[in-house]
Amino acid sequence: MFFRQRAAANATLSYFFGCAGIGKSVAVDVVAGDEPWFIDEAEKAGVPISYVIDTHVHADHYSGSAGLARRAGAPYCLHESNRGRVSFDFTPLSDGQRLEAGNVLVDVLHTPGHTADSICLLVRDLRRGDEPWFVITGDTLFVGAVGRPDLAGREREMAAQLHDTLHRRLLTLPAELEIYPGHQAGSACGAGLSGKPASTIGFEKRFNPMLSLSRDAFVAALTAEIAPQPAEMERIVEANLRGIVTTAMSA
Ligand SMILES: [Fe+2]
């Protein structure tokens, strides 16, 4: 497989990976304005863009995913809970669904907490083995931190949901599994993020301070000091729900 991690604006991390042999690829969490980078990378790898996925409807940046999908003639994928919320056509993803990109298989995990529609993507490369190799964690689990639970209100309820998601869906995965998060240090989407853009489930279990807390302590810690919401959040969410973002808006 090929795999690229892009350090995008506002400490966002985007991903482009796939199977060069069979010619399929997946773009994840594209920031508006970065569409040409994905098109260039696809050309360099000699593959079409097969799927464009947002791990959730973003509140901190204008998404370029729907625009890239249109340009590439690929499906734009979001969790199915966005039906009726997002006002344009998208391909709904459900928990347990598998996307095939040649020898690369992507399993969808519904992981609510940061937002109700958050998903993680569990990726395996059949050329290397049958087991998952890494998980793209969006804003659910960061290196050294977890996602903020307050962006849609109900922060205590969402924090409790995030605790359950982390312990039931992610920390039960093999320790050696790599994690690739949606942000690194400097993001408004969480507090205490590392500047290192990758880790493993095992390392985070041992050293991520949020993962050793009881459910009550986790909720208390995560809601104790909530950082200011991202600038222009309402305008950004509205634009991402309507899919009308132009690259000029990301400047
Ligand atoms: Fe987010």
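Before reading further, recall that the structure is shown in the block above.
What comes next concerns the included structure. Here the structure is a predicted model, which is why all the values come from computation and not from measurement.

1. A few points about the packing of helix 3 (residues 155-170) against helix 5 (residues 215-224)
Axis separation between helix 3 and helix 5 bottoms out at 9 Å; the angle between their running directions is 130°. Put simply, helix 3 runs oblique to helix 5. Note on packing geometry: the crossing formed by helix 3 with helix 5 is right-handed. Contacts from Glu 155, Arg 156, Ala 159, Ala 160, Leu 162, His 163, Asp 164 and Leu 166 in helix 3 reach Arg 215, Phe 218, Val 219, Leu 222 and Thr 223 in helix 5. Of the residues contributing to the contact of helix 3 with helix 5, the split by class is 7 nonpolar, 2 polar and 4 charged.

2. Quick look at the pattern of salt bridges
Applying the stated rule across the entire model yields 12 salt bridges. Across the salt bridge formed by Glu 41 and Lys 44, the nearest N and O atoms sit 2.8 Å from each other. Placement of the pair is Glu 41 and Lys 44 together in helix 1 (residues 35-45), with a separation of 3 residues, close to one helical turn. Here Arg 85 and Asp 117 are joined by a salt bridge, their closest N and O atoms 3.9 Å apart. Residue Arg 85 is found in the loop between strand 5 (76-79) and strand 6 (91-93), and its partner Asp 117 is found in the loop between strand 8 (104-110) and strand 9 (119-125); the two are separated by 32 residues along the sequence. A single network of salt bridges, built from pairs that share partners, joins Arg 4, Glu 41 and Lys 44.

3. Here's the deal with the sheet that holds strand 7 (residues 98-101)
On the basis of which strands lie adjacent, the open sheet formed by 6 strands has the order 7-8-9-10-11-12 and mixed pairing. Sheet topology places strand 7 and strand 12 (199-200) at the edges, where each strand pairs with a single neighbour. Inspection of the sheet shows strand 11 (residues 178-181) paired to strand 12 by 2 bridges, in the antiparallel sense. The partner of Glu 178 across the bridge, within strand 12, is Thr 200.

Cut-off values and rules
- Per-chain numbering applies: the sequence of each chain, read as written, is numbered from 1 onward.
- At least 70 in pLDDT is required for a residue's local features to be given in this predicted model, at least 80 for side-chain atom pairs to be given and counted, and no such filter applies to totals for whole chains, interfaces and linings, which use all residues.
- Excluded from the side-chain calculation are hydrogens and water; included are all heavy atoms of the structure.
- Between the N-to-C directions of two axes lies an angle of 0 to 180 degrees, each axis being a line fitted to C-alpha atoms and, for a helix, fitted only over the stretch in contact.
- Helix and strand assignments come from DSSP, with helices taken as H or I runs of at least 4 residues and strands as E runs of at least 2, each series counted from the N terminus.
- For this classification, under 35 degrees means roughly parallel, over 145 means roughly antiparallel, 65 to 115 means roughly perpendicular, and everything else is oblique.
- In this scheme the handedness of a crossing depends on how the near helix is turned from the far one: anticlockwise by less than a right angle means left-handed, clockwise means right-handed.
- By definition, residues are in contact when any of their heavy atoms lie within 4.5 Å.
- Residues are sorted three ways: Asp, Glu, Lys and Arg are charged, Ala, Val, Leu, Ile, Met, Phe, Trp, Tyr, Cys and Pro are nonpolar, and all the rest, Gly among them, are polar.
- Criterion for a salt bridge: a side-chain nitrogen of Lys or Arg within 4 Å of a carboxyl oxygen of Asp or Glu.
- Pairs of strands are assigned from DSSP output, requiring at least two bridges between the strands.

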